[in-house]
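Summary of structural features
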There are 2 protein chains.
Amino acid sequence: MGAEGHADGTVGKALDVLDMVASHGRPVRFSDLLAQADYPKATLYRLLQTLTHQGMVSLDPDTGTYALGVRLVRLAHAAWAQSSLAPIARPYLDELAEKTGETIHLAQMDLGQVLYVDKRNAARPVEMFAQAGKVGPAYCTGVGKAMLAYLPPDALEAALARQSFYRHTPHTLASREALLAELQAIRDRGHAWDREEHEAGIICCAVPIRSRQGRVMGALSVTSTTARTTLDALGAQAPMIKDIAAQIAAAAESWRFPEQA
Amino acid sequence: MGAEGHADGTVGKALDVLDMVASHGRPVRFSDLLAQADYPKATLYRLLQTLTHQGMVSLDPDTGTYALGVRLVRLAHAAWAQSSLAPIARPYLDELAEKTGETIHLAQMDLGQVLYVDKRNAARPVEMFAQAGKVGPAYCTGVGKAMLAYLPPDALEAALARQSFYRHTPHTLASREALLAELQAIRDRGHAWDREEHEAGIICCAVPIRSRQGRVMGALSVTSTTARTTLDALGAQAPMIKDIAAQIAAAAESWRFPEQA
DNA sequence: CCTTTGGTTTCACTATTTGAAACTTAGTCT
DNA sequence: AGACTAAGTTTCAAATAGTGAAACCAAAGG
């Protein structure tokens, strides 16, 4: 049930179709897409043809199924590399991972959802594509709430409108009001908690990464389990996490303004 | 400069602009793009506005610069995950990396260029985004030649037309004729060499990954240096590499056809 | 052999895109 | 200041590109 508001122009429709292809985990047949979309047959067909011709989706000639094209992987590499945050934050994440020994997440906001752009796993080595690029909910994750708390009013409104407020655990803040109160608490405190709100047993401490002008660029979190540590112990590391977030922000900004007086 | 043939429709133009934004390593200003593109001002402006609105590029309000949007990272995650090759090949790459102790590349063909979709580095741990998603030339790399050698005539022709034949090293096959002869040799031999054709001191042995119907799905290579080993020593591992390539092909196909008699 | 299902093409109708030119800002120079 | 210039944004009639009902084709199944 794609609750799409208003796809602007042909390009919007094409990208909408691209998302539809992406939303299935596997290659999809034309008729599957037709059933899902509310575009007429011919229109959908032409859009897919264009996308295929452009390398954004690939049509398997044997099975007649569409999958996302390799051109996207190339574009994403560029997107990641030129994002002001991820490539610059890399060494800082390494440092934080080593100091804490816990799982580290670096996230950005994408249409009201949390997009993980980098990660350090406590146990295994980095698994970028398999981990980064994933999305999660904003209202019930540490990084999500940390970013929401510092969004300007209109952006916050837009983001809130996209939250499902599904109650993942008994601790989930499952209403707009509860979330707004929490956001105020986060602003007062300077960092966000995840008190097993998304997954039972998983807690985290997250801080926003903000530009000098106060714009939210992303968020950084240290995640652990109730089996291994407590909120208080995590909180003791908050100043260090904040410090690293500030360093990342500074590095990102000086990269974005290489020319200086 | 951009020798674009014929961008079909508005969508093609929009994606063309997306590529332009991607091609710069850093955020670009409107006028930079205007200079590079041969679209009129108003058209380019509208295209960028649409792309921005769609989250494919982001406009930094402070600097007035455009960068690729986070939506791409999310799409690429899906692209990588649903590609028939990369996620499935993962354990096989691990195995090959361990057995050989050398650098492993997994590549696919993208518009006449080689796109690296996964990698195992001999020394460091995996660095996916920083490595995968990169593109390289086809005519002077092991994986490139391995794929070219088994392409159907029309696809080969299209790919050849996109090769620059720049002489990277004294060993580079810098002409269409030399390359065609080499491709025949590869078909006879069953695997491709890179005899320091792209970078001095770097050699590799590559094999294609082909479906049962013979379609080229990708290529797999083991890379080393002349300081550490020789072509002959690498060649001794060719049967094993071929075997793993066959296993990957089989796994990819059974994944693509989960329903069976 | 006839029917169904899934995919591709046609073509008159229309909505979207186009781009020269006019208009704003925001700097810079004298 | 006031007059220039560069960079970005908006307008609007003309033209192009997109639309989608319906016809068509091919392969699978009865």
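Structure: see above.
What comes next concerns the included structure. (Residues numbered from 1 in each chain as written. Chains lettered and ligands numbered in written order. Predicted model: local features only at pLDDT ≥ 70, side-chain atom pairs only at ≥ 80, totals over all residues. Heavy atoms only, no water.)

**Concerning the relation of the copies chain B and chain A**
Rotating chain B by 180° about the axis while translating it 0.0 Å along that axis superimposes it on chain A, leaving an RMSD of 0.1 Å. Within this description, the copies of the chain are treated as partners about a two-fold rotation axis. Mapped onto chain A, 100% of the interface residues of chain B again fall at the interface, so both copies present the same surface. (Least-squares fit on C-alpha atoms with pLDDT ≥ 70 in both. Contact = heavy atoms within 4.5 Å.)

**Side note on the packing of aromatic side chains**
Residues and elements named next belong to chain A. On inspection of all chains with the given rule, the structure shows four aromatic pairs over all chains. With a centroid separation of 5.9 Å and 80° between ring planes, the pair formed by Phe-30 and Tyr-45 is classed as edge-to-face. Note that Phe-30 is positioned in helix H2 (residues 30–36) and Tyr-45 in helix H3 (residues 41–53), a separation of 15 residues in sequence. Pairing Tyr-139 with Phe-165 gives two aromatic rings, centres 5.2 Å apart and planes at 55°, and the pair type is tilted. With Tyr-139 in the loop between strand E6 (135–136) and helix H7 (142–148) and Phe-165 in the loop between helix H8 (153–161) and helix H9 (176–189), this pair connects stretches of sequence that are 26 residues apart. Using a relative accessible area of 1% as the deciding quantity, one classes Tyr-139 as buried. Given a relative accessible area of 18%, Phe-165 falls into the buried group. (Phe/Tyr/Trp six-rings, centres within 6.5 Å; stacked < 30°, edge-to-face > 60°. Helix = DSSP H or I, 4+ residues; strand = E, 2+ residues; numbered from the N terminus. Buried < 20%, exposed > 50% of the residue type's maximum accessible area, 1.4 Å probe, protein only.)

**So, the interface of chain B and chain A**
Taken together, the 61 residues of chain B in the interface contact 61 residues of chain A. Taken together, the connections running from chain B to chain A amount to four salt bridges. A salt bridge links Asp110(B) to Arg74(A), with the nearest nitrogen and oxygen atoms 3.0 Å apart. Linking chain B with chain A are eleven residue pairs in polar contact (both at pLDDT 80 or more). Within the residue set of the side of chain B that touches chain A, elements represented by two or more residues are helix H1 (9–23), helix H3 (41–53), strand E3 (65–68), helix H4 (70–82), strand E4 (103–110), strand E5 (113–120), helix H6 (128–131) and helix H11 (238–256) of chain B. (Salt bridge = Lys/Arg side-chain N within 4 Å of Asp/Glu carboxyl O. Polar contact = N/O pair within 3.5 Å; in protein donor to acceptor, adjacent residues only side chain to side chain.)

**So, the protein's contact with DNA strand C**
Ser31(A), Lys41(A), Tyr45(A), Lys13(B) and Arg46(B) are the nearest of the 15 residues found near DNA strand C. A breakdown of the atoms of DNA strand C within 4 Å of the protein gives sugar and phosphate a share of 62%. Note that a base nitrogen of DNA strand C is positioned 3.2 Å from one of the side-chain N or O atoms of Arg46(B). Those elements that place two or more of their residues in the surface near DNA strand C are helix H1 (9–23), H2 and H3 of chain A together with H1 and H3 of chain B. (Near = heavy atom within 4 Å.)

Purely geometric numbers; function is a separate question.
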